[in-house]
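Structural features, examined
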Amino acid sequence: MPSQGPTQDRVEKREVIAMHPSESGMQVGRALLHALHNAGISVLYQDRQMETVWARNMNAPWASDTADGKDLLSPAQAERIRAAKLKVIESGNPDQLELSIPGHQGVRWFQLWIDADRGETGDVLGVVTTMVETTEQKRREQTLKTLLREVSHRSKNLLAIIQSVATQTGRYTETLGDFLARFRGRLQSLASSQDLVTSSNWRGAALHELVSGQVGRYSSDLAQSLRFAGENPYLNPNAALHIGLAMHELAVNSVSYGALSRPDGHVEVRAKLEAEDGTSPNLLLTWTEAVGDAQRNEKRFGSVALERVVPMSLNGSATLEIGRDRMEYRLTVPHGNFETD
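These remarks concern the structure in this document. (Residues numbered from 1 in each chain as written. Predicted model: local features only at pLDDT ≥ 70, side-chain atom pairs only at ≥ 80, totals over all residues. Heavy atoms only, no water.)

1. Side note on the sheet that holds strand 4 (residues 106-118)
Read from one edge to the other, the open sheet built from 5 strands follows the order 2-1-5-4-3, with strand pairing classed as antiparallel. The open sheet has two edge strands with one neighbour each: strand 2 (52-56) and strand 3 (95-103). Taken over all neighbouring pairs, the strand axes of this sheet differ in orientation by 20° on average, direction set aside. Pairing of strand 3 with strand 4, which is carried by 9 bridges, proceeds in the antiparallel orientation. Bridge pairing links leucine 99 to phenylalanine 110 in strand 4. Along the sheet, helix 3 (residues 75-91) makes contact with strand 1 (41-47), strand 3, strand 4 and strand 5 (124-133), crossing strand 3 at roughly 165°. (Pairing = 2+ DSSP bridges. Helix = DSSP H or I, 4+ residues; strand = E, 2+ residues; numbered from the N terminus. Axes fitted to C-alpha atoms, helices over the stretch in contact; angles between N-to-C directions. Contact = heavy atoms within 4.5 Å.)

2. Structural notes on the pairing of strand 10 (residues 282-290)
Each regular strand shows side chains that alternate between the opposite faces of the sheet. In terms of burial, strand 10 is largely enclosed, as 7 of its 9 residues are buried. Examined bridge by bridge, strand 9 (residues 267-274) and strand 10 share 8 bridges and lie antiparallel to one another. Within strand 10, the position partnered with valine 269 by the bridge is tryptophan 287. The pairing of strand 10 with strand 12 (residues 326-333) spans 8 bridges and is antiparallel. The residue bridging tryptophan 287 from the neighbouring strand is tyrosine 329, located in strand 12. (Buried < 20%, exposed > 50% of the residue type's maximum accessible area, 1.4 Å probe, protein only.)

3. Some thoughts on the environment of arginine 330
Take arginine 330: it is sitting in strand 12. For the pair arginine 330 and valine 269, spaced 61 residues apart in sequence, the C-alpha separation works out to 9.9 Å. When sequence neighbours within four positions are dropped, the list of residues in contact with arginine 330 reads Leu284, Leu285, Thr286, Ser317, Ala318 and Thr319.

4. Some remarks on the side chain of lysine 138
With respect to the element layout, lysine 138 can be found in helix 4 (residues 135-171). At a separation of 3.3 Å, a polar atom in the side chain of lysine 138 contacts the side chain of glutamate 98. When neighbours within four sequence positions are excluded, lysine 138 is seen to be in contact with Glu98 and Trp109. (Polar contact = N/O pair within 3.5 Å; in protein donor to acceptor, adjacent residues only side chain to side chain.)

5. A short note on the sheet that holds strand 6 (residues 205-206)
Two orientations exist for strands paired in a sheet by backbone hydrogen bonds: parallel and antiparallel. One open sheet holds the 3 strands; their spatial order is 6-8-13, and the pairing between them is antiparallel. One side of each edge strand has no neighbouring strand; the edge strands of this open sheet are strand 6 and strand 13 (338-339). In terms of strand pairing, strand 8 (residues 234-235) meets strand 13 through 2 bridges, oriented antiparallel. Within the sheet, the bridge partner assigned to tyrosine 234 lies in strand 13 and is glutamate 339.

Following this line, the structure appears as structure tokens:
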């Protein structure tokens with residue numbers, strides 16, 4: 001007998017597999033029922049008269065006496081589904097619907113596929129409706145849209161801040177080199193504050209962490225150069241960016257002309273909550289340091305940012321006092337800019 005080639009072997013293997021008992025109609029049916037259950041898919045078959053022939057995995061809200069959810073749907077929704085099924089029976093063309101159904105735990109969303117069941121002659125014998133819940137997918141989509149709107153809003157705010165910083169920096173610098181150096185530093189300050197805001201899922205930043213991050217960029221020994229005392233409120237994103245910018249300007253000024261220009265120098269930052277007439281407390285933020293003869297007193301963007309830009313952006317107020325041997329910056333931040341819980 002001639003040897004059988006590989007093609008013949010494959011044909012015989014396919015025949016053996018096709019005749020395997022595990023592929024009997026009953027077992028295939030049970031396997032498909034498991035698949036429907038695991039995938040959360042409901043299937044309903046109705047004849048041309050819209051009478052239910054069979055239904056599988058009909059969970060709520062479709063599990064009812066009518067087997068297609070009429071008792072749980074609003075009259076308008078039930079009529080919409082019925083009209084779509086009748087149209088499919090008449091035309092033979094499939095249809096697709098999306099429904100939102102109010103429930104005890106909020107709105108539930110469902111996708112419906114309506115297909116015609118044709119006989120051997122091509123006539124439409126009935127209609128098959130497949131129902132899948134898409135509530136979680138809808139919630140993820142809505143969450144993503146909300147996040148994208150939030151990112152867009154905050155990006156516009158950040159660009160407005162950068163534009164203001166660029167304009168004011170240019171106004172108070174005489175050379176391109178000075179402008180680039182100062183502008184880069186301010187951008188890095190905003191980026192550092194923005195990192196804290198982003199890592200908190202846009203909630204904001206803790207004051208102590210924000211101040212430490214800004215001063216730490218200019219100090220090799222933060223424990224020596226910064227002494228922080230008082231409250232540690234959680235700043236909202238706008239407050240974090242602007243107070244971070246104020247801390248940057250104070251730190252740069254101190255490194256250039258003040259206490260941090262000396263090896264043993266340090267600055268003190270105090271945060272105190274002050275309430276007026278029973279209202280929500282404001283945050284009083286005070287930066288204090290010893291200064292020497294090298295301290296400059298002419299107006300630069302740093303002082304403009306500290307006295308005007310930052311307090312105006314927070315609807316607060318600020319004072320900057322430079323004496324012969326001491327500098328103090330006081331910033332009052334209204335309660336709407338931070339949380340204390």
